[in-house]
Amino acid sequence: MSSSDIFIGETIGTAVLILLGCGVVAGVVLKQSKAFEAGWVAITLGWGFAVLTGAYISAPLSGAHLNPAVTIGLAIEGGVEWSKVPIYFLGQMLGAVIGASLVWLAYLGHFHAHLTDREIVGGPGAQDTAAADRQQQATGAGPVLGVFSTGPEIRNVGQNLATEIIATAVLVLAILTQGLNGDGKGLGVIGVMITAFVVVGIGLSLGGPTGYAINPARDLGPRIAHALLPLPNKGGSDWGYAWIPVVGPLIGGAIAGGIYEIAFA
């Protein structure tokens, strides 16, 4: 695969992944959406189908990593040249920002309806939405940040980091072992489908504590988009937490690559 193919494939595939993944979250949490309050199962299934679609689209060009943690795991395993890793990363990050921006565009009216509702912004009886916005900026997460990026239910650095490491290690190890099928050069059609089910399983089993980022680009790219997009009263982007869904998955991907080399190579 050429560098241009890798960059284009990862950009398009990750954009589709984020568009459909963050899109299902927007549909579930934003007022006046037909999917409003559909629940966690809908979100996990939506992310699984997002992985499936993005991977099928990008696989012919880049091998469909769509995730820096997967790229790191494959580089340690030997399936990717280390010189190509930055190209994968750049495509993934650009695609994530593009995908999040498309979600904003698709749900623009719903964002405005949600964020200008005083009950959402400031609580019952709130009169000063600007003051409420300043308070959210100070505390970290804004009222719609969850559409774009993950956040913990219980804020504990050690636990949150461990959750992301464990969940990502499961994902990357599953991807690496699926690559053993066929000619051993990567995921086939069935392997991509199985990986999508693995993502659903991780969301159902391990997604409760942190929202299962399991992908640095998936979290950081949309968080950047959230910070830049013009939305009223959106609050802060919670940059104090942002390093955990980046570092945790990278560590998890590296651990999975090491386990694969020890146990399967």
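The rules behind each value
Residues numbered from 1 in each chain as written. Predicted model: local features only at pLDDT ≥ 70, side-chain atom pairs only at ≥ 80, totals over all residues. Heavy atoms only, no water. Helix = DSSP H or I, 4+ residues; strand = E, 2+ residues; numbered from the N terminus. Contact = heavy atoms within 4.5 Å. Areas by Shrake-Rupley, 256 points an atom, 1.4 Å probe, with all protein chains shown as cover. Buried < 20%, exposed > 50% of the residue type's maximum accessible area, 1.4 Å probe, protein only. Phe/Tyr/Trp six-rings, centres within 6.5 Å; stacked < 30°, edge-to-face > 60°. Core = buried A, V, L, I, M, F, W, Y, C linked by side-chain atoms within 4.5 Å. Salt bridge = Lys/Arg side-chain N within 4 Å of Asp/Glu carboxyl O.

> Please clarify how the overall build of the chain should be interpreted in this entry.
The helix and strand tally for the chain stands at 12 helices and 0 strands. Listed N to C, the secondary structure of the chain is α-α-α-α-α-α-α-α-α-α-α-α in terms of helices and strands. Long-range contacts, defined as pairs at least 24 residues apart, comprise 79% of the intrachain contacts of the chain with a sequence gap of at least 6. Of the roughly 11,400 Å² of accessible surface on the chain, 67% is carried by carbon and sulfur atoms.

> What is the right way to look at unusual backbone geometry in this model?
Most of the time, phi is negative for any residue but glycine, and the peptide bond is trans. At glutamate 37, a position not held by glycine, the phi torsion is positive, near 65°. Structurally, the position occupied by glutamate 37 is in the loop between helix H1 (3–29) and helix H2 (40–62). Accessibility expressed as a relative area gives 62% for glutamate 37, which makes it exposed. Positive phi, close to 55°, is recorded for aspartate 238, a residue that is not glycine. Here aspartate 238 lies in the loop between helix H11 (216–228) and helix H12 (244–263). Of the residues examined, aspartate 238 reaches a relative accessible area of 7% and is grouped as buried.

> Before we go on, may I ask you to explain the packing of aromatic side chains in this structure?
Two measures describe an aromatic ring pair: the distance that separates the ring centres and the angle between the ring planes. Applying the stated rule across the entire model yields 3 aromatic pairs. Their ring planes at 70° and their centres at 5.8 Å tell us that tryptophan 40 and tyrosine 212 sit as a pair that is edge-to-face. With tryptophan 40 in helix H2 and tyrosine 212 in the loop between helix H10 (189–206) and H11, this residue pair connects regions lying 172 residues apart in the sequence. Between phenylalanine 111 and phenylalanine 148, the aromatic rings sit 5.6 Å apart at their centres with planes inclined by 15°, giving stacked as the arrangement. Taken together, the residues span a long stretch of sequence, with phenylalanine 111 in helix H5 (residues 108–115) and phenylalanine 148 in helix H8 (residues 145–148) at a distance of 37 residues. In this pair, the class of phenylalanine 111 matches that of phenylalanine 148, namely buried.

> Whenever I open this one, the nonpolar core confuses me. Can you help?
One recurring pattern in soluble globular proteins is that nonpolar side chains are buried together. In terms of nonpolar packing, the biggest core is built from 52 residues, with Leu17, Ile18, Leu30, Trp47, Phe111 and Val147 touching the most fellow members. No other element matches the 8 residues that H1 contributes to this core.

> Quick question: what am I supposed to make of the pattern of salt bridges here?
What the rule picks out here adds up to 2 salt bridges. In this structure, the salt-bridge partner of arginine 155 is aspartate 238, at a minimum N-O distance of 2.9 Å. Separated by 83 residues along the polypeptide, arginine 155 in the loop between H8 and helix H9 (157–178) and aspartate 238 in the loop between H11 and H12 bring together distant segments of the chain.

Geometry only, nothing functional implied.
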